[in-house]
Amino acid sequence: MSMTDLSPMPSKSYLTDPPGLRAWLLTQDHKRIGLMFLALISTAIGLGAIFGLLIRTELTLPGPTIVSSGHIYNRLFTLHGTIMIFLFIIPSMPASFGNYVLPLMLGARDVAFPRLNLASLYLYAGGLVFFLLVLVFGGVDTGWTFYTPYSTRTAAPVILAVVGVFILGFSSIFTGINFLVTIHTMRPAGMDWFRMPLFLWALYGTAIIQVLATPVLAITLLLLAAERTLGIGIFDPALGGDPILFQHFFWFYSHPAVYIMILPAMGIVTEVISVFSRKHIFGYKFIAYSSLAIALIGFLVWGHHMFVSSQSPLVGMIFSALTFAVAIPSAIKVFNWLATMYKGSITLAPPMCFALIFIFLFGVGGLTGLFLGALAIDVHVHDTAFVVAHFHYTMAGGALMGFLAGLYYWWPKITGRMYSIALGQIAALTIFIGFNLTYFPQFIIGSRGMPRRYFDYTRLLEAHPEFTFYQILSTIGGFLLVGGLVLVAFTLLRSLVVGPKASQNPWGAATLEWQCDSPPPHQNAAAPALVGDCYDFDNFQFDEKTRSYVKLP
Amino acid sequence: MTEPHPPSTQSNDDGHPSAHLAHHFNTPRQQYDSARLGMWIFLMTEVLFFGGLFCAYAVFRANNPAIFVDGHHFLDKPLGAVNTVVLIFSSLTMALAVRAAQLGRRRSLVGLLTVTLLCGLAFLGVKAVEYKHKWDHHMVPGQARIAYWFSHEAAPEPRKEFRPEETYVRERLAAEGFESLTQAEYTERVEHLGTFMGIYFSLTALHAVHVIAGIGVIFWILIGAIRGRYGRQYFTPVDMVGLYWHLVDMIWIYLFPLLYLIH
Amino acid sequence: MFDALHPIWPTGLPFAQTDGFWLPDAAATNPAMDRVFNLTLVISSLLFALVVGLMVLFVVRYRRRPGMPPQKSAAHNLLLEITWTAIPLLIVGVIFYQGFVAFMQMQTAPPGCYDLRVTARQWAWQFIYPNGHVDENLHVPAGEPVRLTMTSQDVIHGLWIPALRVKQDVVPGRYASLWFQADKVGTYDLLCTQFCGDEHSNMLSTVVVQTRKDYEAWLKDAANYLKTLPPAEAGKMLYQRRGCVQCHSIDGTAGTGPSLKGIYGKPQQLNNGAAVVADDNYIRESILEPQAKIVAGYQPVMSTYKGLVSDDEITALIEFIKSVK
């Protein structure tokens, strides 16, 4: 049907120019930095997924299955959580796609602070090293939440872990500073705030959170380390401290952190839905403002993690009300996406598959958030598998699907290779089925009485013999899900070997990153003299010969 | 004497690209604006970083005011005041240094930066004296453990208890009018003193780390100033370091009364 | 059929043993939480069906047809935006309000509660009754409001009784309380829900709801066990009730702590190389100052029972340990 171009990649692109290892390790090119981040982040999700599968396998049957004690199991879920959150989801989209695409979308030559960008990469690598050290020294067993006084007293290498997170926090802050400044000062002529691609609005909101929330985590972890080493009694009641203070400090960061995870994903979904429906995004301003609203209101809801912590009911009420408020901007986005699809011309290319899967899975995640935000219901489902299911639906079903959508969307641009559409679609379907099979049963057992972080649920079986059935379903789903992820990796890596050369604009997008070669040259192209509407698909035509969309004059 | 003007929106008055213009910026103005915005955002992160500690201070003070009753008796107010004056003065010299850079006055710039640097070092010196004084009386939290790190002779206590030198503490409290305390009263006061010292050292040590970092970057621009790198066309690094130094000063201005002067 | 596949296949159907699908059987009458849960379930299901339904409809109806460009349609509509902002806001407002009202009811103990005390420790619950009796299970009279005042001896724990819809973190250094009224006689699980270490999933207890008459009879009997039972049997009850059973087996299996089987009178190898004979004094010290001597191969994780066991109880425990050969 089509003549696939299997010729080798263009000799000069950012991948080969300038050559040499040193040029990569000391690069200031945002494209190279983004790509290196992508490689490291993919390693992190692999590591996190291994721990996830170990947890799932252990929980399949009630008693000790592959692990002999809670002592070891506690390390499995802690490492799974900390690696997935700090090494994968939080940096995933900003550091890889953000770095790569942001300057290109602005027609800029780089981000505002390229050396700071490189520092961000090395800080991430440093954090990764600390986590590997944590593994070598036997892992931590506190849960990713590090609640005191357990975390100030356990013999595990908590300090190594919190130092690793501290370093990763600075990687995140530096990325945030870079993006905020770049968007403020480096927009091209004609691109005022409301002509920017919505992915950049999403990154802007994300950067606000990165910059304001992460320092609070940093000081919290520093104090935790000081308490462990020097006995400074801030959080441990035996030393005169207050364990609930730790929870407030911790969640003041960690709740906004989930919006760091989801906002870029929503930005990607916005771009993808518009492009693959061949329709101008519906409700541009509302989507833009909703990103800001989520970023800002997200700072006000941290106490909903603490409804049963013995904080006062009045405080609980305020946090509950604000929690429901923060749900609204997300709902606005979903309705605007649907309105964009209405009367569009939709193809189910892999990016679009993942965007639709996002809507489904984040829909479940977001709606189950209503349960958790309601004070009375939270009393019942807090600290159960229901919460575990909720945050996996939002974080993995939301952020991860957004990440995969972005990966499939920008892969041709980043690598210059096109992948097999069919394989991508199969991967998406596998992931969709596997995901629901893994996590939906956990809602059921959670609300029925299965706590989280339980190594052995044998003693619960008398009242709930059905728990094993659902756990088995969940494990089958887990392996299917990871199988789907492996298929994603296979599809994309395969394209590097046998995939046809990608054209400049295979999807027909109107944002500026598609105006250069795939892969782009070392020097980014300058912005056009007149920046158009980046969601106007009216005059695009698909050129069969070049396999690219071309904008007609 | 020509007034300094902000970097031009053109690449250069003469039309040649400025040597200081990074490849990814279009104009020196854009570069300068970016640097300023970036530094202000970074300073905001520092405010939030210290903010957590100040918040912990506020929570402890609200829930248990007894913690703060005795603490300030053990802090050297005169030395603290000296440090405050030194830092405020150094902020002045720093601000003048930025102006000198903008006006292209290299010798003034070098001199003012040197004075700022010396002030920073003086601050650290005074802090070292204060800390040593605490150390001598066993008032540093985790002191036994720190001593153990450096010499393995003394085994660390199983609980990291705060055990200051009793005669010294009783003496100081007696001098303030709290004489002949029973053992139970003494123990309770020492417990509160321990928490206070934890807060004191957390705040001042973190601040001192930032002072050290500030000294580092001031030294870096001092070298640049000596080499004549800064002038009317390009003074951004001096300006940015100045902003950072002012923040370091401001944090101390909050710290000093909250720790040394309240009672 | 499932039984034949036991132990690989679990017994019981997925819907086993509950009246509703989502929630466990309640021991209270018409819990407020259940109403809010079901309301939220209905609302979320409808919203979800709407969103996913529209999504699937649009994907099918507006799929790309080669040669046919997409129809013209607007890129914004203020009225629509306001509508689909305002309606969800109202909906979540309703859920918030119902959740809040039910919560206040769940948090506000009525006057005249029957007060019991709870101590949480790694890794057992202790329930302290008005007559001073300490038990590892929670017995309560049916049909009366009961209030638990709780504290922890070490790290944060969480007390959860799913059947009674109550949950509260138990924090060291302060007291937390919860109240409930159990109407149905029976036994129910009590679980720890705040992660607390190695044996977190083993920190279970049982709530025994009895008629007032039965409860009083049980309480009287239970408090007297030291006087009515031979010492070794009383010691065995203490072994279970004080949570020793969580970590120290009596059949020789090593747990978090060394097994008690046959240790009395025999030398114990300590982690500092010394050996000490497990006599009365050693056992007493191990209960009151467990960190003083650690058996080789074990971690120093046991918290002290100082103030929690009387001398008579220690004697009973020693007799029990003597009897475990």
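On a predicted model such as this, the values are computed, not experimentally measured, just so you know.

**Student:** Before we go on, may I ask you to explain the overall build of chain B in this structure?
**Tutor:** On a plain count of helices and strands, chain B comes out with 7 helices and 0 strands. Classification of the 263 residues of chain B by burial places 32% in the buried group. Restricting the contact set of chain B to residue pairs at least 6 apart, pairs at least 24 apart contribute 73%.

**Student:** When you look at the overall build of chain C in this model, what are you seeing that I'm missing?
**Tutor:** When helices and strands are counted, chain C shows 8 helices and 12 strands. Computed over C-alpha atoms, the radius of gyration of chain C comes to 28 Å, more than 25% over the 20 Å expected from 2.2 N^0.38 for 325 residues, which places it beyond the range of a compact globule. When its C-alpha atoms are laid out on the principal axes, chain C stretches across 90 × 50 × 50 Å. In chain C, the proportion of contacts linking residues at least 24 apart, taken out of those at least 6 apart, comes to 63%.

**Student:** I'm lost on the environment of Ala-389 of chain A in this one. Help?
**Tutor:** Residue and element names in this part refer to chain A. Tracing the backbone through its elements, the reader meets Ala-389 in helix α13 (residues 385-415). Note: C-alpha distance between Ala-389 and Pro-441 (52 residues apart in sequence) is 8.3 Å. In this structure Ala-389 touches Tyr-439, Gln-442, Phe-443 and Gly-446, once residues within four positions along its chain are discounted.

**Student:** Help me understand the arrangement of the chains, please; the structure alone is not making it clear to me.
**Tutor:** By contact count, the leading pair among the 2 pairs of chains in contact is chains A and C. The closest approach of any C-alpha atom in chain B to one in chain C is 10 Å; the two make no contact.

**Student:** How do you make sense of the domain arrangement of chain C when you look at a structure like this?
**Tutor:** Think of interface size as the accessible area that goes away when the parts come together; that is how it is often given. Once the domains are mapped, chain C shows domain 1 (32-67 + 74-107), domain 2 (114-223) and domain 3 (228-323). Centre-to-centre separation of domain 1 of chain C and domain 2 of chain C, based on C-alpha positions: 39 Å.

**Student:** Hey, could you run me through the interface of chain A and chain C in this one?
**Tutor:** At the junction of the two partners, chain A supplies 74 residues and chain C supplies 75 residues. When residues of the side of chain A that touches chain C are traced back to their parent elements, those giving at least two are α3 (70-106), α8 (243-277), α9 (284-297), α10 (313-341), α11 (350-373), α12 (375-381), α14 (421-448) and α15 (467-498) of chain A. If one sorts the elements of the side of chain A that touches chain C by residue count, α10 of chain A sits on top with 13 residues. Across the side of chain A that touches chain C, the residue classes tally to 46 nonpolar, 19 polar and 9 charged.

**Student:** I would appreciate a short explanation of the confidence of the model for chain B in the present structure.
**Tutor:** Where the model shows low pLDDT, its predicted coordinates should not be examined in detail. All names here are of chain B. Put simply, chain B has an average pLDDT of 88, and 90% of its residues get 70 or more. Between residues 1-5, whose pLDDT stays under 50, and residues either more than four places distant or in other chains, the model counts 3 contacts. Note that pLDDT drops below 50 for residues 8-15; the model gives that stretch 12 contacts with residues more than four away or on any other chain.

**Student:** For this particular structure, what's the right way to read the pairing of strand β6 (residues 157-161) of chain C?
**Tutor:** On a regular strand, one side chain projects to one face of the sheet and the next to the other, so that they alternate. All names here are of chain C. Burial within β6 is extensive, with 5 of its 5 residues counted as buried. Alternating residues of β6 divide into His-157, Leu-159 and Ile-161 and Gly-158 and Trp-160, and every residue in both groups is buried. Sheet analysis places β6 next to strand β7 (residues 166-170), joined by 5 bridges and oriented antiparallel. Bridging from a neighbouring strand, Gly-158 pairs with Asp-169 of β7. Once β6 ends, the chain turns through 4 residues before running back antiparallel as β7, passing Arg-165 with a positive phi of about 60°.

**Student:** How do you make sense of the environment of His-139 of chain C when you look at a structure like this?
**Tutor:** By the secondary structure assignment, His-139 of chain C is in strand β4 (residues 138-141). Residues within four places of His-139 of chain C in sequence aside, it is in contact with Val-208, Gln-210, Tyr-215 and Trp-218 of chain C.

**Student:** What is the right way to read the packing of helix α2 (residues 30-60) of chain A against α15 of chain A from this model?
**Tutor:** When two helices pack together, their arrangement is given by the angle between the helix axes and the distance between those axes. Residues and elements named next belong to chain A. One can describe the packing of α2 onto α15 by two numbers: an axis separation of 8 Å at closest approach and a directional angle of 160°. Looking at the two axes, α2 sits roughly antiparallel to α15. The handedness of the crossing between α2 and α15 comes out as left-handed. Contact with α2, carried on its side by Ala-49, Gly-52, Leu-53, Arg-56, Thr-57, Leu-59 and Thr-60, involves Gln-471, Ile-472, Ser-474, Thr-475, Gly-478, Phe-479, Val-482 and Leu-485 of α15 and no other residues of that element. Residues belonging to the contact of α2 with α15 are distributed by class as follows: 7 nonpolar, 7 polar and 1 charged.

**Student:** Help me understand the interface of chain B and chain A, please; the structure alone is not making it clear to me.
**Tutor:** Of the residues lining the interface, 26 residues belong to chain B; the matching set on chain A comes to 30 residues. For the side of chain B that touches chain A, the elements supplying multiple residues, two or more each, are α1 (28-63) and α6 (183-226) of chain B. Looking at which element gives the most residues to the side of chain B that touches chain A, the answer is α1 of chain B, with 15 residues. Taken together, the residues that form the side of chain B that touches chain A break down as 10 nonpolar, 12 polar and 4 charged.

**Student:** Which parts of the structure should I look at to understand the sheet that holds β6 of chain C?
**Tutor:** Residue and element names in this part refer to chain C. Taken together, the 5 strands give an open sheet; going across it, the order is β4-β10-β9-β6-β7, and neighbouring strands pair in mixed fashion. Across the chains shown, the open sheet's two edge strands, defined by having one partner strand only, are β4 and β7. Strand-to-strand twist of the sheet, defined as the mean angle between neighbouring strand axes without regard to direction, takes the value 20°. With respect to the sheet, helix α3 (residues 212-223) is in contact with β4 and β10 (205-210), its orientation differing from that of β4 by roughly 140°.

**Student:** How should I be thinking about the nonpolar core in this particular structure?
**Tutor:** As a rule of thumb, soluble globular proteins bury nonpolar side chains together. Counting residues in hydrophobic clusters, the biggest one holds 319 residues, and the most contacted among them are Val-269, Val-272, Phe-354, Ile-357, Phe-358, Ala-376 and Ala-405 of chain A. At 22 residues, the largest contribution of residues to this core is made by helix α7 (residues 198-230) of chain A. Both domain 1 (32-67 + 74-107) and domain 2 (114-223) of chain C contribute no fewer than three residues apiece to this core. Apart from the residues within four sequence positions on either side, Val-272 of chain A is in contact with Pro-351, Met-352, Ala-355, Ala-405 and Tyr-409 of chain A. If you look at the next biggest cluster of nonpolar residues, it comprises 15 residues, including Leu-238, Leu-260, Ala-278 and Ile-318 of chain C.

**Student:** Which parts of the structure should I look at to understand α3 of chain A?
**Tutor:** Working note: α-helix, 3.6 residues per turn, so residues spaced by three or four point in the same direction. Residue and element names in this part refer to chain A. If you check α3, its first and last C-alpha atoms are 51 Å apart, about what 37 residues at 1.5 Å a residue would give, namely 54 Å. Its axis deflected by about 60° at Pro-91, α3 carries its strongest bend there. In terms of burial, α3 is largely enclosed, as 35 of its 37 residues are buried. Count one or two residues on from α3 and you reach Gly-107, which has phi positive near 65°.

**Student:** Just to check I follow, could you spell out the confidence of the model for chain C for this structure?
**Tutor:** Residue and element names in this part refer to chain C. In the predicted model, chain C carries a mean pLDDT of 90, and 94% of its residues have values of at least 70. Contacts for the low-pLDDT stretch residues 1-12, under 50 throughout, to residues beyond four places or in other chains number 11 contacts. Interface confidence for the predicted complex, given as ipTM, is 0.93, next to a pTM of 0.91.

**Student:** Explanation requested: helix α7 (residues 280-288) of chain C in the structure shown.
**Tutor:** Residues and elements named next belong to chain C. For α7, every residue scored as buried is listed here: Ile-283, Ser-286 and Ile-287. The buried residues of α7 occupy one face: seen down the axis, they fall within an arc of 100°. In this fold, the buried residues of α7 make contact with α8 (311-323).

**Student:** In this structure, what is going on with the sheet that holds strand β2 (residues 124-128) of chain C? I would like to understand it.
**Tutor:** What links the strands of a sheet is backbone hydrogen bonding, and the strands pair in either a parallel or an antiparallel sense. Residue and element names in this part refer to chain C. Here we have 5 strands laid out as an open sheet, ordered β3-β2-β1-β5-β8, and mixed in their pairing. Sheet topology places β3 (134-135) and β8 (176-181) at the edges, where each strand pairs with a single neighbour. The sheet contact formed by strand β1 (residues 114-121) and strand β5 (residues 145-152) spans 7 bridges and is parallel. By the bridge assignment for β5, Ala-120 is matched with Ser-152.

**Student:** Looking at this structure, how should I read the packing of α2 of chain A against α3 of chain A?
**Tutor:** Residue and element names in this part refer to chain A. It is the contact of α2 with α3, at a shortest axis distance of 7 Å, that shows an interaxial angle of 155°. In terms of orientation, α2 lies roughly antiparallel with respect to α3. When the axes of α2 and α3 are compared, the crossing they make is left-handed. When grouped by side-chain class, the residues that make up the contact of α2 with α3 number 23 nonpolar, 8 polar and 2 charged.

Parameters and conventions
- Residues numbered from 1 in each chain as written.
- Chains lettered and ligands numbered in written order.
- Predicted model: local features only at pLDDT ≥ 70, side-chain atom pairs only at ≥ 80, totals over all residues.
- Helix = DSSP H or I, 4+ residues; strand = E, 2+ residues; numbered from the N terminus.
- Buried ≥ 20, exposed ≤ 12 C-beta atoms within 10 Å, placed from the backbone.
- Contact = placed C-beta atoms within 7 Å.
- Rg over C-alpha atoms; globule rule 2.2 N^0.38 Å.
- Domains from an automatic or database assignment.
- Nonpolar A, V, L, I, M, F, W, Y, C, P; charged D, E, K, R; others polar.
- pLDDT = per-residue confidence, 0-100.
- Pairing = 2+ DSSP bridges.
- Axes fitted to C-alpha atoms, helices over the stretch in contact; angles between N-to-C directions.
- Parallel < 35°, antiparallel > 145°, perpendicular 65-115°, else oblique.
- Left-handed = near helix turned anticlockwise from the far one by under 90°.
- Core = buried A, V, L, I, M, F, W, Y, C linked by C-beta atoms within 7 Å.
- Expected span 1.5 Å × (residues − 1).
- Bend = angle between axes of the 7 residues up to and from the residue.
- Arc of directions from axis to C-beta.

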